[in-house]
Amino acid sequence: MNKRIFLSPPHMSGNEMNYIQRAFDENYITSIGSNVTGFEEKIKAITGAKHALAVINATAAIHLALRVLGVDENDEVFASSFTFIGSVAPILYQKAKPFFIDSDKKSWNLDPTLLENELKRREKESIKMPKALILTHLYGQMADIEKIITICKKYNIPTIEDAAESLGATYKDKYSGTFATIGIYSFNGNKILTTSGGGVLVSDDLELIHKARFLSTQAKDNFVHYEHTTFGYNYRMSNILAGIGIAQLEVLDERINKKRWIFEFYKSALSASKEIEFMPEIPDSIGNRWLTTVLFKDYATRERIRLALENHNIESRPLWKPMHMQPVFKDADFIANKTSEEMFLRGLCLPSGTNMSENELKRVVKIILDK
Ligand SMILES: Cc1ncc(COP(=O)(O)O)c(C=O)c1O
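No experiment lies behind these values; they were computed from the predicted model shown. (Residues numbered from 1 in each chain as written. Predicted model: local features only at pLDDT ≥ 70, side-chain atom pairs only at ≥ 80, totals over all residues. Heavy atoms only, no water.)

Some thoughts on the packing of helix α2 (residues 34-47) against helix α8 (residues 239-249)
Thinking step 1. Viewed as axis vectors pointing N to C, α2 and α8 meet at an angle of 35 degrees, and their least axial separation amounts to 7 Å. Here α2 runs over α8; the crossing is left-handed. Residues S34, N35, V36, G38, F39, K42, I43 and I46 of α2 form the contact with α8, whose participating residues are N239, A242, G243, G245, I246 and L249.
Thinking step 2. Taken together, the residues that form the contact of α2 with α8 break down as 7 nonpolar, 6 polar and 1 charged. (Axes fitted to C-alpha atoms, helices over the stretch in contact; angles between N-to-C directions. Helix = DSSP H or I, 4+ residues; strand = E, 2+ residues; numbered from the N terminus. Left-handed = near helix turned anticlockwise from the far one by under 90°. Contact = heavy atoms within 4.5 Å. Nonpolar A, V, L, I, M, F, W, Y, C, P; charged D, E, K, R; others polar.)

Things to note about unusual backbone geometry
Trans is the prevailing form of peptide bonds, just as negative phi is the prevailing case for residues other than glycine.
Thinking step 1. Even without being a glycine, N156 presents a positive backbone phi close to 60 degrees.
Thinking step 2. Along the chain, N156 turns up in the loop between α6 (145-154) and β5 (159-162).
Thinking step 3. N156 gets classed as exposed once you look at its relative accessible area, which sits at 69%.
Thinking step 4. Residues other than glycine seldom take positive phi values, yet R289 does so here, at roughly 50 degrees.
Thinking step 5. Here R289 is to be found in the loop between β11 (285-286) and β12 (292-295). (Buried < 20%, exposed > 50% of the residue type's maximum accessible area, 1.4 Å probe, protein only.)

Some details on the side chain of D221
Thinking step 1. Counting through the fold element by element, D221 comes out in the loop between α7 (206-216) and α8.
Thinking step 2. With residues up to four places along the chain from it excluded, the contact list for D221 reads F214, E227, H228 and T229.

A look at the packing of aromatic side chains
Thinking step 1. Summed over the entire model, instances satisfying the criterion amount to 11 aromatic pairs.
Thinking step 2. When the ring of F39 is compared with that of F187, the centres are 5.1 Å apart and the planes differ by 70 degrees; the resulting orientation is edge-to-face. Of the two residues, F39 is situated in helix α2 and F187 in the loop between β8 (182-186) and β9 (199-203); the sequence distance between them amounts to 148 residues.
Thinking step 3. You can call F39 buried: its relative accessible area is 0%.
Thinking step 4. On the accessibility criterion, F187 (0% relative accessible area) is buried.
Thinking step 5. Where F263 meets F278, the ring centres are 5.5 Å apart and the plane angle is 80 degrees; that geometry is what we call edge-to-face. Pair noted here: F263 is in helix α9 (residues 252-269) and F278 is in strand β10 (residues 277-278), with a separation of 15 residues, a long-range link. Here F263 and F278 have matching classes, each one buried.
Thinking step 6. Grouped by ring-pair contacts, the aromatic residues F84, Y139, W290 and W320 constitute a single cluster. (Phe/Tyr/Trp six-rings, centres within 6.5 Å; stacked < 30°, edge-to-face > 60°.)

A few points about a nonpolar patch on the surface
Thinking step 1. Nonpolar side chains collect at one region of the surface, where F84, I85, L92, Y93 and V328 lie side by side and expose about 450 Å² of accessible area between them.
Thinking step 2. Within the secondary structure layout, Y93 lies in helix α4 (residues 85-93). (Patch = residues over 30% accessible without salt bridge, like charges linked within 9 Å, V, L, I, M, F, W, Y side chains within 5 Å. Areas by Shrake-Rupley, 256 points an atom, 1.4 Å probe, with all protein chains shown as cover. Salt bridge = Lys/Arg side-chain N within 4 Å of Asp/Glu carboxyl O.)

Description of the pattern of salt bridges
Thinking step 1. Within this structure, the stated rule accounts for 22 salt bridges.
Thinking step 2. The partner of R346 in a salt bridge is E277, with the nearest N and O atoms 2.9 Å apart. Residue R346 is located in helix α11 (residues 339-346), and its partner E277 is located in strand β10; the two are separated by 69 residues in the primary sequence.
Thinking step 3. Taking the relative accessible area as the measure of exposure, R346 reaches 12% and is therefore buried.
Thinking step 4. A salt bridge links E303 to R306, with the shortest nitrogen-to-oxygen separation between them at 2.8 Å. Taken together, the residues E303 and R306, both in helix α10 (residues 299-311) and 3 residues apart, mark about one turn of the helix.

A look at the domain arrangement of the chain
In many analyses, interface size is given as the accessible surface area lost on bringing the parts together.
Thinking step 1. For the chain, the assigned domains are domain 1 (16-249) and domain 2 (252-370).
Thinking step 2. Averaged C-alpha coordinates put domain 1 and domain 2 at centres separated by 25 Å.
Thinking step 3. Contacts between domain 1 and domain 2 engage 43 residues on the former and 41 residues on the latter.
Thinking step 4. Carbon and sulfur atoms make up 66% of the surface buried where domain 1 meets domain 2, a total of about 3800 Å² over both sides.
Thinking step 5. On the domain 1 side of the interface with domain 2, the three residues burying the most area are W108, Y139 and I192, jointly 23% of the side's total.
Thinking step 6. Taken together, the connections running from domain 1 to domain 2 amount to 0 salt bridges.
Thinking step 7. Between domain 1 and domain 2 we count 21 residue pairs in polar contact (both at pLDDT 80 or more) in total.
Thinking step 8. For the side of domain 1 that touches domain 2, the element with the highest residue contribution is strand β3 (residues 97-101), accounting for 4 residues.
Thinking step 9. Across the side of domain 1 that touches domain 2, the residue classes tally to 22 nonpolar, 11 polar and 10 charged. (Domains from an automatic or database assignment. Buried area = accessible area lost by both parts, 1.4 Å probe. Polar contact = N/O pair within 3.5 Å; in protein donor to acceptor, adjacent residues only side chain to side chain.)

Observations regarding the site of the ligand
Thinking step 1. Taken together, 15 residues surround the ligand, and among them T59, D162, E165, S186 and K191 come closest.
Thinking step 2. One of the side-chain nitrogen or oxygen atoms of S186 is found 2.7 Å away from an oxygen atom of the ligand.
Thinking step 3. Interatomic distance of 3.0 Å between a side-chain N/O atom of K191 and an oxygen atom of the ligand.
Thinking step 4. For the ligand, whose free accessible area comes to 390 Å², the fraction covered by protein is 94%.
Thinking step 5. When contributions to the shell around the ligand are tallied by element, the ones reaching two or more residues are α3 (58-68) and α4.
Thinking step 6. The residue makeup of the shell around the ligand, split by class, is 3 nonpolar, 9 polar and 3 charged. (Near = heavy atom within 4 Å.)

So this is what it looks like as structure tokens:
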């Protein structure tokens, strides 16, 4: 059996152990130390965000974002339907109510027209506005972010940019995660960069990051003893994992270039098949192409190819099942236009690990073309 090809396995830079060693040398093994500070500083330097907070994962980062924006029981939160559960599960942690919005075909991300129409309708009919909006940049591809932020500003709705999958992606040279009130990144094991597990919250609003930092460290008030006027979480990133993060950030550009090269390789190698559509890239944006994702002509073709790849020990994965179709959200409100539903049925994520060789890519392509 050929060696398994994974979807997007970790890819170390080689410098990680030096930063881990530093944590050991300084004996800062817990959630403060020079690696955590260095990691937060590096995120700011790369993305241009003014403030950053490193936490245990991006799901926790979104949870903190909702808390600091004051989302509470029975508040409504608008969110992209076409996303991963980690993006929206924190709405349930807060006992708030999700309201899902479908994607457009141009970006595969949240459709600004659906959003604007719903907000206009609410204004006209004096219906309560959402407390916040969470929008995802799927698979490293920028959403129509400028439009979405403009609409939300008009209605005074705070925004959370789920850039878990899109670290390093830009729109008009501005980095994903830095358009909204708060942005978040994931350093989960399958992401473009990883700390084994990790997340970061960014914002230009220092007050929000202060609050998030306070809540991420069990909401300890400023006394010698442990005094609490509210409750928080144990969400801080460890100094050891932050060391991995610094070394990973050193190779972000390299990783994006390789991801984009993989996408182009698939695109040109599969161009013979007229029935395969590739994820678009909206004008003025450069995605990080975290995963190369394609649409086949129908569900049956998608499944045939997925199973053929699996039989050859190659991992691929259907696109995210939209949240408005998930049993856990059966009672949630949504506006759907069939875009994400259709993409879920026809779409497949192809192996896109930055440590893949050209021969491995050719193995994948051959199976797809043979089927
Ligand atoms: C779009 C999206 N949002 C949120 C998350 C949650 O990130 P984490 O695994 O770091 O909690 C992920 C991935 O894991 C994701 O892909």
